[in-house]
Amino acid sequence: MKLPPAHLLVLDYGIPMASHGQGTCVVMPCVHGPYWSVAFPDKDQLDPRTEEELVSGVRDRLIDSVRDRLCSVDPSVPVGVYLSGGIDSAAVLGMATALHKEKLSSGPEELVGGGVSDQLHAFTIAFRESPTAAVVAQTEDGDNGEITEAEGLYDESVSARHCARHCDALYHQLNVSEADLAGAFADAVWHCEAPVLDLNVAGKFLLSRFASRLGFKVVLTGEGADEHFAGYHFFRADYLRAVDGGVGSSSELNCSAELRAGWLAELESGSSWNWSGFPMSNEMCTGRAILGGISTHRQLASLWGLKPDLFAAGALQAGAVSETTVQVPETSGVLGGRKSRVGIGPGPDPCMMAALGVPAAQREQMQNRWHPLHSALCIEQRTMLANLLCCHLGDRTEMAHSLEGRPPFLCHRLTEYVNNVPPSYKLKLPTEKWLLREAVRPFITADVYERAKHPFCAPPSAPCGPFSTLIRETVTAAAVARLGWMQWEPVEHLLVEMVDPTTDPAIAARARKCLCIIMSYIVLSARFNVVPFKADSCYVLK
């Protein structure tokens, strides 16, 4: 069990309970609880602030946050910034550069003209086998670095180089191939101590090793911006579920109920908004109802969850969670209007697990007070941000190489300010992160300001590529049998779907993600010498 985010663990030295030879066993009672919690305003509460006030408020607090994360660094020690080419990391680099130069110009005499560089260092990963390989080689030979149409879906090195040049930063690019990513996968999973669904963790692991080997101990990162400013595409559905009372029901930022309903139906009828590659039913299930009807956590569940048919029967029964009492709103149509006993199992239900993982007080706010977009931001912050982005893609891959990552967007003062901003300034359709764009505009290029959201993603593997080959070599009948809790037949079916040229691309991509998760479990089982699961040697979770 790990300590949840924003929680404090207090240990008290206990009384020695028993002696074993020369040693003494000391029991240390401990208690833990939250020291901070996410909060949002009432969805009908009018915010009287102007756009200019909000933009200035975000800009000032973000600058302060970047300054705080630079101030403890010895100015003579080089500072790194992870740069993807998107607005989040570009803003951090732009602000950090301005603050660094300001510090040097007004600092002690030994720093001014004392040989300390006024340039920061930017680190970017480039995927050699991506559509931009030729462009990357060309810009390294000295062209003007302009972003071209050749920049692909995965490699952002051209944009990153342009940002670094704009900030006069020293640019360091790590070129990796799919074989490099596949070779680092097992080590990255071992350091993360958790399953992963793609090669992103391996890419971040290699980038951190690259920065560490160049002598860097501290890097600033861009995690947290999407979770506070509604940067992901799937947030749009939950934004459209209700009028934004924060800007006034008659504001031009609020479209008509008919238009909102039409856009929402169009979003939920397609698969482009869904990371899993499959359309999500808009049916109101209990896992949605107890969080006010939002769909964001269903998106995350569809991305990370494994299908029930993969699990052995004994594992499904052992993994069942006993029932708990929750309040289901009257409008849900599912056990509505009363407190109901709900539970999980037999069978995995990650959507319900995410819902029940939210404290009861916050669930009540989601049902009755918060705008659906704010509820969606809350659940994403409690799940993907805390576990994947900050832990696995963040701390684990960085500290594997003794590198400290510092994310300015996760400053609690900035977070609390942004949380109290009406939803329509965060997501001013069709522009995501509108408020952030305006706040950081003086520090970024016009290209970055106008660029749509592009999540960090390693390229998918071809059916016969190095990573697909690694999957086939690792995910075998014998390896699955050693886990003990998974059935081989449905796994074998996924392996066929992954490489069969007649398989729908979305289904093949989903199969590859599931197999990546399964391979992670196999790696963890081998690296940590995990005892195979046996149904008769476990207990039902309470």
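The rules behind each value
Residues numbered from 1 in each chain as written. Predicted model: local features only at pLDDT ≥ 70, side-chain atom pairs only at ≥ 80, totals over all residues. Heavy atoms only, no water. Helix = DSSP H or I, 4+ residues; strand = E, 2+ residues; numbered from the N terminus. Buried < 20%, exposed > 50% of the residue type's maximum accessible area, 1.4 Å probe, protein only. Contact = heavy atoms within 4.5 Å. Areas by Shrake-Rupley, 256 points an atom, 1.4 Å probe, with all protein chains shown as cover. Axes fitted to C-alpha atoms, helices over the stretch in contact; angles between N-to-C directions. Parallel < 35°, antiparallel > 145°, perpendicular 65-115°, else oblique. Left-handed = near helix turned anticlockwise from the far one by under 90°. Nonpolar A, V, L, I, M, F, W, Y, C, P; charged D, E, K, R; others polar. Polar contact = N/O pair within 3.5 Å; in protein donor to acceptor, adjacent residues only side chain to side chain. Phe/Tyr/Trp six-rings, centres within 6.5 Å; stacked < 30°, edge-to-face > 60°. Lys NZ or Arg CZ within 6 Å of the ring centre and 35° of its normal. pLDDT = per-residue confidence, 0-100. Core = buried A, V, L, I, M, F, W, Y, C linked by side-chain atoms within 4.5 Å. Salt bridge = Lys/Arg side-chain N within 4 Å of Asp/Glu carboxyl O. Pairing = 2+ DSSP bridges.

**Q** Explanation requested: the overall build of the protein in the structure shown.
**A** For the protein, the helix and strand inventory stands at 23 helices and 13 strands. Relative to its full complement of 542 residues, the protein shows a buried share of 50%. For the protein, contacts bridging at least 24 residues in sequence account for 73% of all contacts bridging at least 6. When the accessible area of the protein is evaluated, it comes to approximately 24800 Å², of which 56% is carbon and sulfur surface.

**Q** Would you mind going over the packing of helix H6 (residues 200-213) against helix H15 (residues 372-399) with me for this structure?
**A** Between two packed helices, what matters for the description is the angle formed by their axes and the separation of those axes. Remark: H6 packs on H15, axes separated minimally by 9 Å, with the N-to-C direction vectors making an angle of 40°. As summarised for this structure, H6 and H15 are arranged oblique, according to the angle between their axes. Crossing of H6 against H15: the hand is right-handed. Here Asn-200, Val-201, Lys-204, Phe-205 and Ser-208 of H6 lie close against H15, whose contacting residues are Leu-393, Gly-394, Thr-397 and Glu-398. Class assignment for the residues of the contact of H6 with H15 results in three nonpolar, four polar and two charged.

**Q** Please clarify how the side chain of Arg-406 should be interpreted in this entry.
**A** With respect to the helices and strands, Arg-406 occurs in strand S11 (residues 404-406). Here the side chain of Arg-406 touches Arg-69 through a polar contact of 2.9 Å, landing on its backbone oxygen. In this structure the side chain of Arg-406 is engaged in a polar contact, spanning 2.9 Å, whose partner is the side chain of Glu-404.

**Q** Just checking my understanding: could you explain the packing of aromatic side chains for this structure?
**A** Each aromatic ring pair is specified by the distance between its two centres and by the angle formed by the two planes. All chains considered together, the criterion is met by eleven aromatic pairs. Ring-pair connections join several aromatic residues into one group, and the members of that group are Phe-123, Phe-210 and Phe-216. The side chain of Arg-49 reaches across the aromatic face of Tyr-417, ending 5.2 Å from its centre.

**Q** Help me understand helix H16 (residues 412-419), please; the structure alone is not making it clear to me.
**A** Working note: α-helix, 3.6 residues per turn, so residues spaced by three or four point in the same direction. Residues Leu-414, Thr-415, Tyr-417, Val-418 and Asn-419 constitute the buried set of H16. In the core, the buried residues of H16 are packed alongside helix H1 (51-71), helix H7 (225-229), H15 and helix H17 (423-426).

**Q** Which parts of the structure should I look at to understand the pairing of strand S6 (residues 121-127)?
**A** On any regular strand, side chains alternate: one points to one face of the sheet, the next to the other face. Burial analysis of S6 places seven of its seven residues in the buried class, which makes it a mostly covered element. Here S6 shows two buried faces, one formed by His-121, Phe-123, Ile-125 and Phe-127 and the other by Ala-122, Thr-124 and Ala-126.

**Q** Hey, could you run me through the confidence of the model for the protein in this one?
**A** Regions with low pLDDT should not have their predicted coordinates read in detail. With 78% of its residues at a pLDDT of at least 70, the protein reaches an overall mean of 82. The least confident element of the protein is helix H3 (residues 133-140), whose mean pLDDT is 34; the most confident is helix H18 (residues 434-440), at 97.

**Q** Is there a simple way to explain the nonpolar core in this structure?
**A** For soluble globular proteins, nonpolar side chains are generally found buried alongside one another. Formed by 85 residues in total, the largest nonpolar core has its most connected members in Val-475, Leu-515 and Ile-518. Those residues in contact with Ile-518, other than ones at most four positions away along the chain, are Leu-310, Val-475, Met-486, Val-491 and Leu-494. Cys-163, Cys-167, Val-418 and Phe-443 belong to the second largest nonpolar core, which has 45 residues in total.

**Q** Whenever I open this one, the pattern of salt bridges confuses me. Can you help?
**A** Once their charged atoms are close, side chains differing in charge can pair, the charge on each being opposite to the other. Counted by the stated rule, this structure contains 17 salt bridges. Asp-42 serves as the salt-bridge partner of Arg-369, at 3.5 Å between the closest nitrogen and oxygen. One end of the pair, Arg-369, is in the loop between helix H14 (360-368) and H15; the other, Asp-42, is in the loop between strand S4 (30-34) and H1, with 327 residues separating them in the sequence. Arg-369 gets classed as partly exposed once you look at its relative accessible area, which sits at 28%. Residue Arg-437 pairs with Glu-432 through a salt bridge whose shortest N-O separation is 2.8 Å. By relative accessible area, Arg-437 is classed as buried at 5%. For Glu-432, a relative accessible area of 7% corresponds to the buried category. By sharing partners, the salt bridges in this structure join Asp-88, Asp-226 and Lys-433 into a single network.

**Q** I keep staring at the side chain of Glu-380 and nothing clicks. Help me out?
**A** Looking at the secondary structure, you find Glu-380 in helix H15. Each residue touching Glu-380, except ones within four places of it in the same chain, is listed here: Glu-227, Tyr-232, Phe-234, Phe-235, Thr-296, Leu-300 and Leu-385.

**Q** Got a minute to help me understand unusual backbone geometry in this structure?
**A** Most of the time, phi is negative for any residue but glycine, and the peptide bond is trans. A cis amide bond, omega 5°, links Leu-429 with the succeeding residue Pro-430. Take Pro-430: it is sitting in the loop between strand S12 (427-428) and strand S13 (431-432). One non-glycine residue, Asp-168, adopts positive backbone phi at about 55°. Tracing the sequence through the fold places Asp-168 in the loop between helix H4 (157-166) and strand S7 (170-176). Relative accessible area serves as the criterion here: at 38%, Asp-168 is assigned to the partly exposed category. Even without being glycine, Asn-529 reaches a positive phi, approximately 55°. Along the polypeptide, Asn-529 turns up in the segment after helix H23 (505-527).

**Q** When you look at the environment of Gly-248 in this model, what are you seeing that I'm missing?
**A** Mapped onto the elements, Gly-248 comes out in the loop between helix H8 (235-239) and helix H9 (257-269). Assessed through its relative accessible area of 15%, Gly-248 is described here as buried. Distance from Gly-248 to Pro-48, taken between C-alpha atoms, is 9.5 Å for residues 200 residues apart in sequence.

**Q** How should I be thinking about the sheet that holds S11 in this particular structure?
**A** Sheet strands pair via backbone hydrogen bonds, and the direction of the pair is either parallel or antiparallel. One open sheet holds the five strands; their spatial order is S7-S6-S5-S8-S11, and the pairing between them is parallel. The strands lining the two open edges of the sheet, one partner per strand, are S7 and S11. Strand-to-strand twist across the sheet, computed as the mean angle between neighbouring axes with direction ignored, equals 30°. Bridging between strand S8 (residues 218-220) and S11 involves three bridges; their strand directions are parallel. Bridged to Val-218 within S11 is Glu-404. Sheet strands touched by H4: S6 and S7. Its angle to S7, the strand with the most contacts, is close to 170°.

**Q** What should I look at first to understand the environment of Met-384 in this one?
**A** Secondary-structure assignment places Met-384 in helix H15. Given the relative accessible area of 6%, Met-384 is considered buried. Residues Met-384 and His-297, spaced 87 residues apart in sequence, show a C-alpha to C-alpha distance of 9.5 Å.

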